[in-house]
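Architecture at a glance
Chain by chain, the residues run as shown.
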Amino acid sequence: MAGIFGINGQQVISIINLFDKSAKNTAVPIPDLTEINAISWVGNNNIIIYADKLVDIGAEHKIYASRIYSTNSTTHHITLILQDSGGQNASDVLWIAKDGTPNILLAAQQSVYFSHDFWPKVYRINVENGHFSLVLDDRDGVSDWYADASGVVRMGYEHDDDHHKDYLYYRHGKDTMFHTIDRVDLNAEKGLIQPFAFLAGGDDALVVGDDGNNHATVDERNLLTGGQVKRIYTAPTSSLSPIMADDGITLLGVNLGQDMGAHWFDPALDKLQAAFSRAVPDARVSILSMTADRTRMLVQISDADMPGMLYYFDTNDGSLHAIAKINELIGRQRVAPVKMISYKARDGLEEEAKLTLPSEDAKNRPVIMLPHGGPWARDGMDYDYWSQFLANRGYVVVQPNFRGSTGYGNAFEKRGEGELGKAMQDDVTDALDWVVKEGLADPKRACIMGGSYGGYAVMWGIVKDPDLYSCAISIAGVADLSRAQQMFENSTSENYARTAWKRMAPDFKVVSPIYYIDKINTPLLLIHGKQNVTVDVEESRKMNAKMKAA
């Protein structure tokens, strides 16, 4: 198996033989100032590694540059893939060969400037030696390409930032022309159709949509006519992600999110999931990965109060083999109890929060408010090592899913528009009021802590309510929202991104904590990693300098 591991405090990519202890394992160190997003197998002997790096392009401007590289499990050789590309994005893998050859299709830019080489071309690449050939030239305006299971580029996406329009282009096969199959005006807030798999032998595709009543759907749709062939599934949730077989065509199931897990269409996997659930009724059993023939797989057993174990399962003998503890010291022990609670915001809006207690009988404890990042995200019933660490030290931990959070439908998400730093922040305060009224928390011993957007909510929280918290901890937080918007400058979606953030906060300066240092009288701890490629470390450095100056 391949994975991202922590070894002696260093993050590395490792390829490990699970049962042959004498086999030499491959360990690939991650370069400095680089963040690994994911890894994928190419055949049985190679993996590709998706990496992001924050690159300074001068004049106080930085961009996220994405690249891939590969490593071989036998030779341990590392191959750089299109590393000479002058573009920002060169890591969009469209297709991976399933015939045992080390070939992929990769879309990559060749320039960061709006020129002929700015738009991505598609290359066929041998990941073992890095050799490549051009498969499809760039098309003006097309920023994303999509390929079918046989390795033919079938679809392209264009975002027209000047006119707030999106276009979807499609072709029947490699010898036919692309033409427009969908277009939307983003001012109307309607999205393009979302095909995720092209079915063999025609123009039908599997598409994610919704039924108009806040339920996500999977449909088979004809891309040439736009007509629905059949509805395959209606989810009980507002979003889902497909789980595809190794062939890229067969839909095995859908993932319904961190609280509901997977729903399997494949009868064998559905039966297996049910058997796992019967065998371990008090925990979540997740099938993480499987071989192409679906007979061997990696399975995780965990819960909101248990990091759990990783197992190898072989359907041939029906046995689970323990591979690793997710946390070596905890294993399958139950730690601090966790539950979701409902509370009302001051304007009457029903909201949820994740509550982690140091013990079942906790009363009048010190409390830490832990708003999530994003802000388009959600805290659910998965294991959270931050909240568990804090609860282990005796704190009540509250993670509010304030308005604007995802997972509760489009209407709830839109309630965040215009409320960044306002009602979104009040929702955090109202969750604190709830745990105080329930007798769980001592209001005189309240702290606020969070990362990324959560770090922003920390700093803004001690500006907006200067006497509410005894301490504050911002981890990689955004101190100046107007400065953060510079990340969108000269991008293909600059206007769209600015508009989206303007809907959240019409005036960034009015809700940016760095301009209100004089209102802060709460001790603030700033934590920020130099390798962070989401929020520049300068955000915390400048906040620190401003506070010291004051």
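All residue numbers refer to position in the chain's written sequence, counted from 1. Per-residue local features are limited, in this predicted model, to residues with pLDDT of at least 70; the limit for side-chain atom pairs, both in listing and counting, is 80 or more; totals at the level of whole chains, interfaces and linings are taken over all residues. Only heavy atoms go into the side-chain values, all of them from the structure, while hydrogens and water stay out.

**Some remarks on the overall build of the protein**
We apply this condition: Helix and strand assignments follow DSSP, with helices taken as H or I runs no shorter than four residues and strands as E runs no shorter than two, numbered in order from the N terminus. Here the globule rule reads 2.2 Å times residues to the power 0.38, and the radius of gyration is calculated from C-alpha atoms. Burial status follows relative accessibility: with a 1.4 Å probe on protein chains alone, a residue under 20% of its type maximum counts as buried, one over 50% as exposed, and anything between as partly exposed. Contacts: residue pairs with any heavy atoms within 4.5 Å of one another. Neither His nor the chain ends contribute to the count of charged residues, in which Lys and Arg are positive and Asp and Glu negative. Where a charge lies is defined by one atom per residue type, namely NZ (Lys), CZ (Arg), CG (Asp) and CD (Glu).
Broken down by element type, the protein carries 8 helices and 33 strands. Relative to the compact-globule value of 24 Å for 550 residues, the protein shows a C-alpha radius of gyration of 25 Å, a close match. By its C-alpha atoms, the protein is 70 × 60 × 45 Å across when sized along the principal axes. Taken over 550 residues, the protein has a buried fraction of 49%. In the protein, the share of contacts with a sequence separation of at least 24, taken over all contacts with a separation of at least 6, comes to 48%. Side-chain charges in the protein split into 53 positive and 71 negative, and the spacing between the mean points of these groups amounts to 4 Å.

**Here we look at the pattern of salt bridges**
Formally: Should a side-chain nitrogen of Lys or Arg be within 4 Å of a carboxyl oxygen of Asp or Glu, the pair is scored as a salt bridge.
For the coordinates displayed, the defined rule picks out 23 salt bridges. Residues D305 and R334 are paired through a salt bridge, measuring 2.5 Å at the closest nitrogen-oxygen approach. Remark: R334 occurs in the loop between β26 (319-325) and β27 (338-344) and D305 occurs in the loop between β24 (296-303) and β25 (306-314); sequence separation between them is 29 residues. When the shortest N-O distance is used, the salt bridge between R403 and D347 registers 2.8 Å. Taken together, the positions of R403 in the loop between β30 (396-401) and α3 (410-414) and D347 in the loop between β27 and β28 (350-356) put the pair 56 residues apart, joining distant regions of the chain. The network of salt bridges with shared partners includes D347, E351, R403, R415 and D427.

**Some thoughts on the packing of aromatic side chains**
Cut-off, in case you're wondering: A pair of Phe, Tyr and Trp rings is counted when the ring centres sit within 6.5 Å of each other, with Trp represented by its six-membered ring. The angle between the planes then sorts it: under 30 degrees is stacked, over 60 is edge-to-face, the rest tilted. Two thresholds decide whether a charge sits over a ring: the Lys NZ or Arg CZ must be within 6 Å of the ring centre and within 35 degrees of the ring normal.
Counted under the stated rule, the structure contains 12 aromatic pairs. Ring centres of F118 and W119 lie 4.9 Å apart, and the angle between their planes is 90°; on these two criteria the pair is classed as edge-to-face. Both rings, one in F402 and one in Y453, keep their centres 5.6 Å apart while their planes meet at 45°; by these two values the pair is tilted. Of this pair, F402 sits in the loop between β30 and α3 while Y453 is found in helix α5 (residues 453-464), placing the two residues 51 residues apart along the sequence. Each member of the pair F402 and Y453 is classed as buried. Ring pairs connect the aromatic residues F402, Y453 and Y456, which therefore count as one cluster. Lying over the aromatic face of Y515, K509 brings its terminal NZ or CZ to 4.9 Å of the ring centre.

**As for the sheet that holds strand β8 (residues 92-96)**
Filter applied, for reference: Only when DSSP finds a minimum of two bridges between them are two strands counted as paired. Angles run from 0 to 180 degrees between N-to-C directions of axes, and those axes are lines fitted to C-alpha atoms, restricted for helices to the stretch in contact.
Spatially, β8-β9-β10-β11 is the arrangement adopted by the 4 strands of the open sheet, whose pairing is antiparallel. At either end of the open sheet lies a strand with only one pairing partner, and these are β8 and β11 (132-136). Recorded for the sheet is a direction-independent mean angle of 30° between the axes of neighbouring strands. Judged from the 4 bridges that link them, β8 and strand β9 (residues 103-108) form a sheet pairing that is antiparallel. Its bridge partner lying in β9, D92 is registered against A107.

**Regarding the sheet that holds strand β20 (residues 241-244)**
Overall, antiparallel pairing links the 3 strands, which are arranged β20-β21-β22 in an open sheet. Two strands lie at the open edges of the sheet, namely β20 and β22 (262-264), each paired on one side alone. Averaged over all pairs of adjacent strands, the angle between strand axes in this sheet comes to 30°, irrespective of strand direction. Of the pairings in the sheet, the one linking strand β21 (residues 251-255) to β22 comprises 3 bridges and is antiparallel in character. Looking at the pairing, N255 lines up with A262 of β22.

**Things to note about the side chain of D305**
On the basis of relative accessible area, D305 is assigned to the buried category, the value being 15%. Once residues lying within four places of it in the same chain are set aside, the contact partners of D305 are Q333, R334, V335, A336, V338, Y383 and Q388.

**Considering unusual backbone geometry**
With an omega of 10°, the peptide bond between G374 and P375 qualifies as cis. Although it is not a glycine, H164 adopts a positive phi angle of roughly 55°. On the secondary structure map, H164 appears in the loop between β13 (153-160) and β14 (165-170). Residues other than glycine seldom take positive phi values, yet N364 does so here, at roughly 50°.

**Comments concerning the nonpolar core**
The test is simple: Joining through side-chain atoms within 4.5 Å is the link that ties buried Ala, Val, Leu, Ile, Met, Phe, Trp, Tyr and Cys residues into a set, and such a set is a nonpolar core.
V367, M369, V398 and L420 are the most contacted members of the largest nonpolar core, which totals 44 residues. Those elements giving two or more residues to this core turn out to be β27, β28, β29 (365-369), β30, α4 (423-437), β31 (441-451), α5 and α7 (494-504). Per-element tally for this core: the top contributor is α5, with 8 residues. Setting aside residues up to four positions removed in sequence, V398 forms contacts with A353, K354, L355, V367, I368, M369, L370, A431 and V435. Residues A245, I287, Y311 and F313 belong to the second largest nonpolar core, which totals 18 residues.

**Observations regarding the environment of A147**
Within the secondary structure layout, A147 lies in strand β12 (residues 142-147). Residues contacting A147, with those up to four places away along its chain left out, are L94, W95, L105, V152, V153, R154 and F198.

**Focus on the pairing of strand β16 (residues 194-198)**
Where β16 lies against strand β17 (residues 204-210), 4 bridges are found, and the strand directions are antiparallel. In the strand pairing of β17, Q194 is matched with V208. As consecutive antiparallel partners, β16 and β17 are separated by 5 residues, and within that stretch G201 has a phi angle of approximately 80°, a positive value.

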